[in-house]
Amino acid sequence: MILGVDYYPEHWNPALWRADADLMRQSHVRLVRLAEFSWCRLEPRDGAFDFGWLDEVVGLFAERGIKVVLCTPTNCPPLWFYEKYPDSVQTERDGRKTATGIRGHRCLNNADFLRYADRIVDVMTRHYAGNPAVVAWQIDNEVEANFCFCDTCVGKYRNRLKKKYGTLEALNKAYGNNMWSGEYSSWEQIKPPYGSYPYAWLNPAYMLDFCRHASEDMVEYLLRQADIIRKNCPGVQITTNAWFCSNLPNFYEEFAGLDFVSYDNYPTTRLPDDPEECYSHAFHLDLMRGVKRDNFCVMEQLSGGLGCWAPMARTPYPGMIKGYSLQAFAHGADTVVHFRWRSAVSGAEMHWHGLIDHSNVPGRRFEEFRQLGEEAKKLLAIRGTRIQSKVAILYSPEDDFAFRIQPQTNGMYYLEQPMLFHAAFTGCGVNVDVVSPKADLSDYRVVVAPELYLTEAAVVQSLYDFAEKGGTVVLTVRSGVKDPHNNCIMEPLPTAYRKLVGAYVEEYDPIGYDKESIVYSDGSVHPCRQWCDILHPEGAQAIASYQSGFYQGKPAIVQNRYGAGYAYYVGTVCTKSLYGKLAKDILRQAKVPFLEGLPANVEVTTRTGEGLEARFMFNNTDKVQEFDLNGEHVTLAAFEMKIDLKR
Ligand code: GLA
Ligand code: ZN
């Protein structure tokens, strides 16, 4: 494992640089990320570039054997630029320009911004081309699929629709625009969602295309920079750092043209009081590995208590700094870069704590980081080893968009069911991949496909084929509901999946915050929430039925033989207890070996290399855990990671 830090030389007196670099070296830091917000120092005046300070810093690190990731600084153009080109600032839904003074204000399609961004990226990458200390480039910072409402962006959006639909007739038909007299008779009538209506009030087909457009725009922006970097630095590795923002992009498309995935990982420092809450970040880590089905990098990792725009949260509990970092490694991150070396003493983020506090006196957290450095050094040998999984969970950005556009019922959000299944399978000690519904499924034995809301023919086919050949598919509520345009399908649910699951939905009850209950096949009773599909089997077998509600006695979960495999349909949303049992029963039926006896929130993953297997056991709780596992007695301190190497 390569350990790194995010460092901001421009925030510190240069007198500190050397001491910082020395201390990094002593604490086994091998990588430093630099410069993502430093445009005003790299180009203090229009066309006048200054790389002197950055050269000095890169040089200090290089002398100490520390590599750097350089960033294109395009997240924050200097204020002289905005002064000259006020139109380059994003436009809000109400038509007003975003107020500058924070960061990320630029319109990604504005011609002046792009000209200046191209220029600094070009000059900077030519300046550092061939520098052996620079191992990768990060494009911009946490780029989002922003909704900019300026005329340029609107024009681009219309052009995309023209290209996609060809004619207004086709577009009107796809959106079902005869509703509320919404049919377009000219392209100019197509407007982005101006105003302040909740998105759920707008046509869901129109909104889905708008989300797709924002994501595609962002991808185009990334590729534009990637082209310049590749031209000037052939062969260099290029990435950008992703996070789960509200303007979510399609992660698969975001990284398709880049070399590796980077992710900003801030697990919670306060464990929730409600044991039903999924707080582990393992799901997100597995998802990031699944984006390119490859090992990835954590470009920002929790280092201290968080706070800045929000009130300050708890400081990491002893063991968290080290444990969470190793957890990322256990899920396929080969590099973990901690944000940030030292807490800023100025600016809005001064309370987002780094490894070293404002005092510049290394304390408890830094000591833990130093120990992590020792461990990371030992783990260098297993860098590049892979996670091989027999279980996959499908994550669909488009279904995520569609759920955000139209909340289904109180309390329901797209990611919860994937996370519940993930926690259940991880709790059985098996590796879990989180991959695209379009992924090749042939490596897996079990594929969980929660909430396949938008129905895509290729995905439907792939799941039927998978079961036909002996795989086990698990579907849930809200599957097959919409066509690819986000319109409802005039067939009983789960429409295209009806044959696969051997049942249809007679009626559904979106119970939101209310509770009902089910009885599982072993007689255990489990509360269910949010949603109840009343199932009508057509060949499938009920493995759980409702114990309450007017549908008492009706099937809630069914299992169906399909081809050489099986399909399950989980027609409600339950508590963790049910998913735990279901996961074990599914693994047994699919003949996937698993571990019995893991306590809740103890995670086991395995990385495999040539003649080498590393088993990671992580206690993601603040209590000591003691348990027996296949005859072995295990004790784990709070947030302890135990790594067993077998050669
Ligand atoms: C994000 C950003 C960082 C910083 C941190 C903490 O992850 O990428 O620049 O703002 O949040 O606030
Ligand atoms: Zn714009």
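Residues numbered from 1 in each chain as written. Chains lettered and ligands numbered in written order. Predicted model: local features only at pLDDT ≥ 70, side-chain atom pairs only at ≥ 80, totals over all residues. Heavy atoms only, no water.

Re the overall build of the chain
Thinking step 1. Scanning the chain for helices and strands turns up 17 helices and 24 strands.
Thinking step 2. Here the C-alpha radius of gyration of the chain, 26 Å, is about what a compact globule of 647 residues would show, namely 26 Å.
Thinking step 3. In terms of its C-alpha atoms, the chain occupies a principal-axis envelope of roughly 75 × 70 × 45 Å.
Thinking step 4. Here the chain holds 647 residues, and the buried ones make up 60% of them.
Thinking step 5. With an accessible surface of roughly 25600 Å², the chain has 51% of that area assigned to carbon and sulfur atoms.
Thinking step 6. Taken as two groups, the 68 positive and 80 negative side-chain charges of the chain have centres that lie 3 Å from each other. (Helix = DSSP H or I, 4+ residues; strand = E, 2+ residues; numbered from the N terminus. Rg over C-alpha atoms; globule rule 2.2 N^0.38 Å. Buried < 20%, exposed > 50% of the residue type's maximum accessible area, 1.4 Å probe, protein only. Areas by Shrake-Rupley, 256 points an atom, 1.4 Å probe, with all protein chains shown as cover. Lys, Arg positive; Asp, Glu negative; His and termini not counted. Charge placed at Lys NZ, Arg CZ, Asp CG, Glu CD.)

A few points about the coordination of the zinc ion (ligand 2)
A metal bound by six donors in octahedral fashion has ideal angles of 90 or 180 degrees, whereas one bound by four tetrahedral donors has an ideal angle of 109.5 degrees.
Thinking step 1. Taken together, Cys-107 (SG), Cys-148 (SG), Cys-150 (SG) and Cys-153 (SG) make up the full set of protein donors to the zinc ion (ligand 2), lying 2.2 to 2.3 Å away.
Thinking step 2. Angles of 98 to 118 degrees at the metal separate the four donor atoms of the zinc ion (ligand 2), which places the site in the tetrahedral class.
Thinking step 3. All donors of the zinc ion (ligand 2) come from a single chain, and their spacing in sequence reads C-x40-C-x1-C-x2-C.
Thinking step 4. Judged by relative accessible area, which is 9%, Cys-150 ranks as buried.
Thinking step 5. Among the residues examined, Cys-153 registers a relative accessible area of 4% and is labelled buried. (Donors = N, O, S within 2.8 Å, 3.2 Å for Na, K, Ca; no water. Tetrahedral: all angles 85-135°; square planar, octahedral: opposite > 155°, others 65-115°.)

Examining the sheet that holds strand β5 (residues 237-239)
Thinking step 1. One open sheet holds the nine strands; their spatial order is β5-β4-β3-β2-β1-β9-β8-β7-β6, and the pairing between them is parallel. Of all strands in the sheet, those with a lone pairing partner are β5 and β6 (241-242), marking the two edges.
Thinking step 2. Here helix α3 (residues 52-63) sits on the sheet in contact with β2 (31-34) and β3 (67-71), set at roughly 170 degrees to β2.
Thinking step 3. On the sheet, helix α12 (residues 364-378) packs against β1 (2-6) and β9 (333-338) and is oriented at approximately 145 degrees with respect to β1. (Pairing = 2+ DSSP bridges. Contact = heavy atoms within 4.5 Å. Axes fitted to C-alpha atoms, helices over the stretch in contact; angles between N-to-C directions.)

Re the pairing of strand β4 (residues 134-138)
Thinking step 1. Of all five residues in β4, four are buried; the element is thus mostly enclosed.
Thinking step 2. Two elements, β3 and β4, share four bridges in a ladder whose sense is parallel. Residue pairing across strands places Leu-70 opposite Trp-137, the latter belonging to β4.

Focus on the domain arrangement of the chain
Accessible area lost on assembly of the parts is the figure often given for the size of an interface.
Thinking step 1. Looking at the assigned domains, one finds that the chain contains domain 1 (2-43 + 50-75 + 112-147 + 218-382), domain 2 (391-590) and domain 3 (602-646).
Thinking step 2. Between domain 2 and domain 3, the C-alpha centre-to-centre distance is 30 Å.
Thinking step 3. Each side of the interface is counted separately: domain 2 has four residues, and domain 3 has four residues.
Thinking step 4. Summed over both sides, the interface between domain 2 and domain 3 buries roughly 320 Å², with carbon and sulfur atoms accounting for 45% of that surface.
Thinking step 5. The largest per-residue losses of area from domain 2 upon contact with domain 3 belong to Thr-426, Gly-429 and Asn-431, which jointly make up 92% of the total buried on that side.
Thinking step 6. Taken together, the links from domain 2 to domain 3 amount to zero salt bridges.
Thinking step 7. Looking at the side of domain 2 that touches domain 3, its residues break down into one nonpolar, three polar and no charged. (Domains from an automatic or database assignment. Buried area = accessible area lost by both parts, 1.4 Å probe. Salt bridge = Lys/Arg side-chain N within 4 Å of Asp/Glu carboxyl O. Nonpolar A, V, L, I, M, F, W, Y, C, P; charged D, E, K, R; others polar.)

A closer look at the site of ligand 1
Thinking step 1. Taken together, Phe-37, Arg-103, Asn-141, Glu-142, Asp-264, Tyr-266, Glu-300, Trp-309, Phe-339, Glu-349 and Trp-352 are the residues near ligand 1.
Thinking step 2. Glu-349 places a polar side-chain atom, nitrogen or oxygen, 2.2 Å from an oxygen atom of ligand 1.
Thinking step 3. By residue class, the composition of the shell around ligand 1 is five nonpolar, one polar and five charged. (Near = heavy atom within 4 Å. Polar contact = N/O pair within 3.5 Å; in protein donor to acceptor, adjacent residues only side chain to side chain.)

Notes on the packing of aromatic side chains
Thinking step 1. Going through the model one piece at a time under the given rule, you end up with 42 aromatic pairs.
Thinking step 2. Joined through ring pairs, the aromatic side chains of Trp-39, Trp-80, Phe-81, Tyr-82, Tyr-85, Phe-113, Tyr-116 and Tyr-221 make up one cluster.
Thinking step 3. Across the ring face of Tyr-116, the terminal group of Arg-119 is positioned such that the distance to the ring centre comes to 4.8 Å.
Thinking step 4. A cation over an aromatic ring shows up here: Arg-478 above the ring of Tyr-508, its NZ or CZ 5.1 Å from the ring centre. (Phe/Tyr/Trp six-rings, centres within 6.5 Å; stacked < 30°, edge-to-face > 60°. Lys NZ or Arg CZ within 6 Å of the ring centre and 35° of its normal.)

A look at the nonpolar core
Thinking step 1. Counting 204 residues, the largest nonpolar core has Leu-34, Phe-425 and Leu-463 as its most contacted members.
Thinking step 2. For this core, the element with the highest residue contribution is helix α8 (residues 204-232), accounting for 13 residues.
Thinking step 3. Among residues more than four places away in sequence, those in contact with Leu-463 are Leu-394, Leu-441, Val-447, Ala-449, Leu-452, Val-473, Leu-475, Tyr-497 and Leu-500.
Thinking step 4. Core analysis: the second largest hydrophobic core is formed by nine residues, Met-617, Phe-627, Leu-629 and Val-634 among them. (Core = buried A, V, L, I, M, F, W, Y, C linked by side-chain atoms within 4.5 Å.)

A look at the pattern of salt bridges
Thinking step 1. Under the criterion given, the structure shown has 46 salt bridges.
Thinking step 2. The partner of Asp-22 in a salt bridge is Arg-64, and the shortest N-O contact between them spans 2.6 Å. Of the two residues, Asp-22 is situated in helix α1 (residues 17-26) and Arg-64 in the loop between α3 and β3; the sequence distance between them amounts to 42 residues.
Thinking step 3. With relative accessibility at 32%, the residue Asp-22 sits in the partly exposed group.
Thinking step 4. Accessibility expressed as a relative area gives 11% for Arg-64, which makes it buried.
Thinking step 5. For Lys-623, the salt bridge identified is with Asp-622, shortest N-O distance 3.0 Å.
Thinking step 6. A relative accessible area of 52% means that Lys-623 is categorised as exposed.
Thinking step 7. Three or more residues are tied together by salt bridges with common partners; here these are Lys-156, Arg-160, Glu-216, Asp-217 and Glu-220.

Focus: the packing of helix α10 (residues 282-291) against helix α14 (residues 416-426)
Thinking step 1. Running from N to C, α10 and α14 cross one another at 100 degrees; their axes reach a closest spacing of 9 Å. When the axis of α10 is compared with that of α14, the two are roughly perpendicular. Judged by residue contacts, Ala-282, Phe-283, His-284 and Asp-286 of α10 engage Pro-418, Met-419 and His-422 from α14. (Parallel < 35°, antiparallel > 145°, perpendicular 65-115°, else oblique.)

So, helix α15 (residues 457-468)
Thinking step 1. Spanning 12 residues, α15 covers 16 Å between terminal C-alpha atoms, matching the ideal 16 Å at 1.5 Å per step.
Thinking step 2. Of the positions making up α15, those classed as buried are Val-459, Val-460, Leu-463, Tyr-464, Phe-466 and Ala-467. For α15, the angular spread of buried residues about the axis comes to 160 degrees, placing them on one side. In α15, the exposed positions angled more than 90 degrees off the buried face are occupied by Ala-457 and Ala-458.
Thinking step 3. Where α15 is buried, its residues contact β10 (391-394), β12 (446-449), β13 (472-476), α16 (498-501), β17 (555-562) and β18 (565-570).
Thinking step 4. Among the residues trailing α15, Gly-470 stands out with phi positive, at a value near 115 degrees. (Expected span 1.5 Å × (residues − 1). Arc of directions from axis to C-beta.)

Here we look at the pairing of β3
Thinking step 1. Counting buried residues along β3, four of its five residues qualify, which places the element largely inside the surrounding structure.
Thinking step 2. Relative to β3, β2 is paired through four bridges, and the arrangement is parallel. Directly across from Leu-31, in β3, lies its bridge partner Lys-67.

Considerations on the sheet that holds strand β24 (residues 641-646)
Thinking step 1. In space, the three strands of this open sheet follow the order β20-β21-β24, with antiparallel pairing throughout. Across the chains shown, the open sheet's two edge strands, defined by having one partner strand only, are β20 (602-609) and β24. Adjacent strand axes in the sheet meet at a mean angle of 15 degrees, parallel and antiparallel pairs treated alike.
Thinking step 2. Where β20 and strand β21 (residues 612-619) come together, eight bridges link them in antiparallel fashion. The residue bridging Thr-605 from the neighbouring strand is Phe-616, located in β21.

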